[in-house]
Amino acid sequence: MSRYARAERQALADLLLALGPDAPTINEGWATRDLAAHLVLRERRPDAAGGILLPPLRGYAERVRRRLAAQPYDDLVARVRRPPVWSPVSNPLTDELANTMEFFIHHEDVRRASPGWQPRDLAPGLQAALWKRAAPMARLALRRFPADLYVQAPGHGEISVGRGGDRLRLVGAPAELALFLSGRQRVSRVQLDGPPEAAGRLRTAGLGM
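Every value quoted in this text rests on a predicted model; they were computed, and no experiment measured them.

This part covers the environment of Ala-141. Along the chain, the position of Ala-141 falls in helix α7 (residues 124-141). As for Ala-141 and Leu-54, which are separated by 87 residues in sequence, their C-alpha atoms are 16 Å apart. Ignoring sequence-local partners within four residues, the contact set of Ala-141 consists of Leu-181 and Leu-207.

Let us look at the packing of helix α2 (residues 32-44) against helix α5 (residues 73-81). Any two packed helices are characterised by how steeply their axes cross, that is the angle between the axes, and by the distance between the axes. Closest axis-to-axis distance for the α2/α5 pair is 9 Å, and the angle between their directions is 45 degrees. For the element pair α2 / α5, the angle class is oblique. With respect to the hand of their crossing, α2 and α5 are arranged in left-handed fashion. From α2, Thr-32, Arg-33, Ala-36, Ala-37, Leu-39, Val-40, Glu-43 and Arg-44 reach across to α5, where they touch Tyr-73, Leu-76, Arg-79 and Val-80. A per-class count over the contact of α2 with α5 returns seven nonpolar, one polar and four charged.

Let us look at the pairing of strand β1 (residues 148-153). Of the pairings in the sheet, the one linking β1 to strand β3 (residues 167-171) comprises five bridges and is parallel in character. In the sheet register, Tyr-150 faces β3, and the bridge partner there is Arg-169. Counted between consecutive antiparallel strands, the loop separating β1 from strand β2 (residues 157-161) contains three residues, among which Gly-155 sits at a positive phi close to 85 degrees.

Now for the side chain of Glu-108. Inspection of the secondary structure puts Glu-108 in helix α6 (residues 95-111). A distance of 2.7 Å separates a polar atom in the side chain of Glu-108 from a polar atom in the side chain of Arg-120. Sequence-distant contacts of Glu-108, defined by excluding residues within four places in its chain, comprise Arg-120 and Leu-179.

Let's shift gears to α6. Over its 17 residues, α6 runs 22 Å from end to end, which matches the ideal 24 Å to within 8%, given 1.5 Å per residue. When you tally the buried positions in α6, you get 14 out of 17 residues, the bulk of the element.

On to the nonpolar core. Grouped together as the largest cluster of nonpolar side chains are 34 residues, with contacts concentrated most on Leu-142, Leu-149, Val-151, Leu-168, Leu-170 and Leu-202. Contributing elements (two or more residues each) for this core: α6, α7, β1, β2, β3, α8 (174-181) and α9 (196-204). Those residues in contact with Leu-168 that sit more than four places away from it in its chain are Phe-145, Ala-147, Asp-148, Leu-149, Tyr-150, Leu-192, Asp-193, Gly-194, Pro-195, Ala-198, Ala-199 and Leu-202. Counting residues in each nonpolar core, the second largest holds 21 residues, with Leu-39, Val-40, Leu-41 and Leu-68 among its members.

Along the chain, the position of Pro-115 falls in the loop between α6 and α7. The sequence separation of Pro-115 and Arg-3 amounts to 112 residues, and the corresponding C-alpha distance is 29 Å.

Let's shift gears to the pairing of β3. If a strand is regular, its side chains alternate between the two faces of the sheet. With three bridges joining them, β3 and strand β4 (residues 191-193) adopt antiparallel strand pairing. Counterpart to Arg-169 in the pairing with β4 is Asp-193.

With that out of the way, let us pick up the sheet that holds β2. The strand order across the open sheet formed by four strands is β2-β1-β3-β4, and the pairing between neighbours is mixed. The sheet is open, and its two edges are formed by β2 and β4, each paired on a single side. Sheet twist, expressed as the mean angle between neighbouring strand axes with direction ignored, is 15 degrees. Inspection of the sheet shows β1 paired to β2 by five bridges, in the antiparallel sense. Bridge assignment links Leu-149 to a residue of β2, and that residue is Val-161. Running at roughly 10 degrees to β2, α7 makes contact with β1 and β2 of the sheet.

Thresholds, definitions, all that
Residues numbered from 1 in each chain as written. Predicted model: local features only at pLDDT ≥ 70, side-chain atom pairs only at ≥ 80, totals over all residues. Heavy atoms only, no water. Helix = DSSP H or I, 4+ residues; strand = E, 2+ residues; numbered from the N terminus. Contact = heavy atoms within 4.5 Å. Axes fitted to C-alpha atoms, helices over the stretch in contact; angles between N-to-C directions. Parallel < 35°, antiparallel > 145°, perpendicular 65-115°, else oblique. Left-handed = near helix turned anticlockwise from the far one by under 90°. Nonpolar A, V, L, I, M, F, W, Y, C, P; charged D, E, K, R; others polar. Pairing = 2+ DSSP bridges. Polar contact = N/O pair within 3.5 Å; in protein donor to acceptor, adjacent residues only side chain to side chain. Expected span 1.5 Å × (residues − 1). Buried < 20%, exposed > 50% of the residue type's maximum accessible area, 1.4 Å probe, protein only. Core = buried A, V, L, I, M, F, W, Y, C linked by side-chain atoms within 4.5 Å.

Spelled out as structure tokens, the structure:
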């Protein structure tokens, strides 16, 4: 595994164990047990993992996830910590691409649900890796947003996206932009400039998956 994907995975597993199965996350309706079950399903149940992205399979995936969540919590976290090498998303060839963003975001889903959280001081290499994933995420998530939107990660890059209209500027560290663009706008530390109505639409838009 890449060092960033592995580090975020291990840090998340440590935090899941420290907080226990019923701690909150910022994912609506999910406690830590539910998040752990989601990660196990994603890596170990290819028959159900398609439901994460495909609405026709979502009901089956949710039933599998609930069954996983009912299993002993320590066993769930152990499976999060040690991914199977046969998994399409966690083998040595795909881990960095598939899991650096995934585990960073879910680590923050748990961290930022606790009072008094603060952004971490992340390694420059991790910020750079997150920008490589956040930029195409912005192009996909915001391509039809009704504004002329400028997304900037100082020191890393910038892109223009949207279908035109009011001019907006979204500025932040790659980590914060990754959270914003994955639908975690309410806990992301970004600067959003532009007409208040258009900015408000972006802050409440259904981004992410």
